[in-house]
Amino acid sequence: MSTTLSTPVSAPRPAGRPAAPAVRPPASDRLGALVALSLPALFILLWSTGYVAGKLALPHAGPFTLLALRFGLAAAVLLGVSLATGAPWPKTPRAWIHLGVVGLLMQVLHFSGVYCAIAWGLPTGVAALLIGLMPLATALGAHLWLAERMGTGQWLGMLGGLAGVGLVLLDRPLGGGAWAAYGAGLLGLAGLVAGTLYQKRFCAGMDLRTGSGIQMAVSTLAVTALALWREPGVADWSAELIGATLWLGLVNSIGAFSLMFVMIRRGQAGAVARLFYLIPGVSALMGVALLGEHLGALTLAGFVVAAASVGLGAMTSAKTSAKTPAKTPTRAPGQPGEAGR
């Protein structure tokens, strides 16, 4: 029996006949959409666990010893993957040097500051709060170094972020060794911001596998030298240290970073930036639940103010980027910084 195909599209549907059901997307498309929505949240969760894992491991090893174990494990895995997959290596000595500098800033200085701050008594949530100011501090650094414009919302976010940190300081007075702990945390923030800007300027086209492997290898050598100098004692090879090292080296240094790369490839970098302000709160809740840390009323208020400020700055930055015409890339997409972890 033949079917007439010439019925006009605008012909009215006969009365009483039910409308055709909406076509549901294939299961694969629904799964892909679910994965796209869950990746940023998973990244924030994995990134936040790094502070808790670090604090669990620090009673059994010094900060530099722990970092040597973490970076060494990550370097071995990344360099092995690079060799197994035939990944491209830097072609000039200058490119190798640039990658080494990024590793010293983004890995060594950043994490040395964070781990020393935690070892000297700074709660994990407060350490995460300082590092969580990275989007605002990076915008300021890009304004000063790369002449990038900062919007009004970003300036307001910067002031609000400082106000949030001020509330935390009021709740936790800077007495005794607290100065050193806060100073180490701010030094870690400076390393992360400087490394992010340096990588954006000089290492935008590096391969994720070889670039990260080189950074981790250089970082391993640097913190090993620091550990031999400052921490001559032998690490206490407890189950906590071994488990935390495996988690930090594989899940944080490689897993969370690879998630970031996947999201960049999927065009979700903006989603991560807008969710970055949740890291301090998530880390603080993990510290309370898993480590028994206590947060006072002013500290909680500081978290809220700082989170709102970083969120305001991220949304302003996203709107500014959306209004800026995209430039045609001249080389491979760049690797994002490891904020984090």
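Residues numbered from 1 in each chain as written. Predicted model: local features only at pLDDT ≥ 70, side-chain atom pairs only at ≥ 80, totals over all residues. Heavy atoms only, no water.

Participant: Talk me through the packing of aromatic side chains; I want residue IDs and the actual numbers.
Facilitator: Throughout the structure, instances matching the rule amount to 5 aromatic pairs. Plain terms: the ring middles of phenylalanine 43 and tryptophan 47 are 5.3 Å apart, the flat faces sit at 50° to each other, and that makes the pair tilted. With phenylalanine 43 and tryptophan 47 both in helix H1 (residues 27-57) and 4 residues apart, this pair spans about one turn of that helix. There is no split in this pair, since phenylalanine 43 and tryptophan 47 are both buried. Aromatic rings pair up to connect Phe71, Phe111 and Tyr115 into one cluster. One Lys or Arg, arginine 70, reaches over the ring of phenylalanine 111 and ends 4.2 Å from the middle of that ring. Seen from the ring of tryptophan 229, arginine 230 lies directly overhead, with NZ or CZ sitting 5.2 Å from the centre. (Phe/Tyr/Trp six-rings, centres within 6.5 Å; stacked < 30°, edge-to-face > 60°. Helix = DSSP H or I, 4+ residues; strand = E, 2+ residues; numbered from the N terminus. Buried < 20%, exposed > 50% of the residue type's maximum accessible area, 1.4 Å probe, protein only. Lys NZ or Arg CZ within 6 Å of the ring centre and 35° of its normal.)

Participant: Break down the layout of surface pockets for me, citing the residues and quoting the values.
Facilitator: There is about 290 Å³ of room inside the second largest pocket. As for the second largest pocket, its lining consists of 16 residues, and the residues nearest its centre are Pro90, Ala95, Gly205, Met206 and Asp207. Elements with a minimum of two residues in the lining of the second largest pocket: helix H3 (93-119) and helix H8 (208-230). No other element matches H3, which puts 3 residues into the lining of the second largest pocket. Its residues placed into classes, the lining of the second largest pocket shows 9 nonpolar, 4 polar and 3 charged. (1 Å grid on protein atoms, 1.4 Å probe; cavity = no way out; pocket = protein on both sides within 12 Å on 5 of 7 lines; lining within 4 Å. Points joined across faces, edges and corners; volume = space filled by probe spheres on them. Nonpolar A, V, L, I, M, F, W, Y, C, P; charged D, E, K, R; others polar.)

Participant: Describe in detail the pattern of salt bridges, supporting the description with residues and values.
Facilitator: Side chains that differ in sign of charge can pair as their charged atoms come close. Per the stated rule, a full pass over the model turns up 2 salt bridges. Between lysine 55 and glutamate 293 there is a salt bridge, with the nearest N and O atoms lying 2.7 Å from each other. Within this pair, whereas lysine 55 is found in helix H1, its partner glutamate 293 is found in the loop between helix H11 (279-291) and helix H12 (297-323), the two being separated by 238 residues in sequence. By relative accessible area, glutamate 293 is classed as buried at 12%. Across the salt bridge formed by aspartate 207 and arginine 209, the nearest N and O atoms sit 2.9 Å from each other. Judged by its relative accessible area of 28%, arginine 209 falls in the partly exposed class. (Salt bridge = Lys/Arg side-chain N within 4 Å of Asp/Glu carboxyl O.)

Participant: Explain the packing of helix H2 (residues 63-85) against H8 to me, using residue names and the numbers behind them.
Facilitator: At a minimum axis separation of 7 Å, H2 and H8 run at an interaxial angle of 155°. The pairing of H2 with H8 is recorded here as roughly antiparallel in orientation. Here H2 runs over H8; the crossing is left-handed. In terms of residue class, the contact of H2 with H8 is built from 15 nonpolar, 10 polar and 2 charged. (Axes fitted to C-alpha atoms, helices over the stretch in contact; angles between N-to-C directions. Parallel < 35°, antiparallel > 145°, perpendicular 65-115°, else oblique. Left-handed = near helix turned anticlockwise from the far one by under 90°.)

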